[in-house]
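In case you want the letters, here they are:
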Amino acid sequence: MSSAKTPLLGLALALTALSSACASTGMTKEEKALAEAMEAALAPASAEEREAANRADPLTRANFWGKEYQKDPQSVENALEFAGALRAIGSQERALDVVSKTLIVHPGNADLLMMTGRILMADGMYDAARASFEQVTQTAPERADGWAALGTALDQLEMHRQAQMTYQRALAIEPGRVTTLTNYGLSLLLSGDLAGAEAQLRAAAAQPGASARVTENLALVIGLQGRFDEMKEVSAQNAPDKVAEQNAALLRGLLQPARTYDALIGGGDTSTSAAPGRKRQLRGSLNQ
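Worth saying up front: this structure is predicted, and the values here are computed from it rather than measured. (Residues numbered from 1 in each chain as written. Predicted model: local features only at pLDDT ≥ 70, side-chain atom pairs only at ≥ 80, totals over all residues. Heavy atoms only, no water.)

Asker: Now, about the overall build of the chain: what can you tell me, with residues and values included?
Answerer: Helices and strands together make up the secondary structure of the chain, namely 17 helices and zero strands. The burial tally for the chain puts 41% of its 288 residues in the buried class. In the chain, 49% of the contacts between residues at least 6 apart in sequence involve partners at least 24 apart. Counting every atom, the chain has about 14600 Å² of accessible surface; 54% of that belongs to carbon and sulfur. (Helix = DSSP H or I, 4+ residues; strand = E, 2+ residues; numbered from the N terminus. Buried < 20%, exposed > 50% of the residue type's maximum accessible area, 1.4 Å probe, protein only. Contact = heavy atoms within 4.5 Å. Areas by Shrake-Rupley, 256 points an atom, 1.4 Å probe, with all protein chains shown as cover.)

Structure (structure tokens):
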């Protein structure tokens, strides 16, 4: 039995005993007040209280969900909310501990596995995250976010072909998901398929609510193909003309005389010492 639940179990037993005694002997005013206080301490917060806590600052939210978790650490909702709140204040290790303990009670729960994978990704534990996301795809194959998240882990492990297959699975379920389209495009870019990357990023940029970052990635891929005027036009949708011009000029300089993806990754000369760093920057653009 969880040590976090033991004090509450003792409190619940005391409350039961008190209620039984009161039923047989009658309840005094003090006993009634104590019973009500104990019952209130064990009762979950109302929906309104939970909504208010989620609108509060990160520390207040973490404190609130910590109390809810203590009341019932076996609740999936409590574990997910508490772990999310802990992540918001930078406590990744504690968040992982919370979801791991609740997973013991709810093995195979897709939401808990997704949270586990995201925490592991944030800590750079990509192989472990991959295993967690793979479990999601096995237990809930209908979840597009599970396949998409698995793709990001595979890309971080430089397994780009496998990542692209998982993005395709995700898009077959949810075709217009902007983050999946974007990550698929970046994955294709990482494997050197500029035309494929452009197609996916154009599809992402055409979706309602696509961010400026999507457009910037699209402009980069267009520029990598040597179409600098078009790059400026796309980039200017979210940046001043002067900035768009500077970006195009910078990229043009990097790619001369060889206008290739390899030239950018390799630093524009015969040296490839810059390749790992540049690829890390591109992989850093991936999101779940």
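Asker: Quick rundown of the pattern of salt bridges? Include the residues and the values.
Answerer: For the structure shown, the criterion picks out 15 salt bridges. Put simply, K71 and E68 hold a salt bridge, and the shortest N to O gap is 2.9 Å. Here E68 and K71 lie together in helix α4 (residues 58-71), a separation of three residues that amounts to about one turn. For E68, a relative accessible area of 3% puts it in the buried group. For R130, the salt bridge goes to E134, with nearest N and O atoms at 3.2 Å. In this pair, R130 and E134 both sit in helix α8 (residues 126-139), four residues apart, roughly one turn of the helix. Judged by relative accessible area, which is 23%, R130 ranks as partly exposed. The class for E134 is partly exposed, based on a relative accessible area of 27%. In this structure, a network of salt bridges that share partners links the residues R50, E68, K71 and E77. (Salt bridge = Lys/Arg side-chain N within 4 Å of Asp/Glu carboxyl O.)

Asker: Describe the side chain of H160, listing the residues and the values that go with them.
Answerer: Along the chain, H160 turns up in helix α10 (residues 160-173). Within polar-contact distance, the side chain of H160 engages the side chain of D155 at 2.7 Å. (Polar contact = N/O pair within 3.5 Å; in protein donor to acceptor, adjacent residues only side chain to side chain.)

Asker: Could you give me a rundown of the packing of helix α5 (residues 76-88) against helix α7 (residues 110-122), with the residues and numbers involved?
Answerer: Their axes nearest at 10 Å, the elements α5 and α7 cross at an angle of 15°. As the angle between them shows, α5 and α7 are arranged roughly parallel. Seen from above, α5 lies across α7 with left-handed handedness. Contacts between α5 and α7 involve V76, A79, L80, A83, G84 and R87 on the former and, on the latter, D111, L112, M115, R118, I119 and A122. (Axes fitted to C-alpha atoms, helices over the stretch in contact; angles between N-to-C directions. Parallel < 35°, antiparallel > 145°, perpendicular 65-115°, else oblique. Left-handed = near helix turned anticlockwise from the far one by under 90°.)

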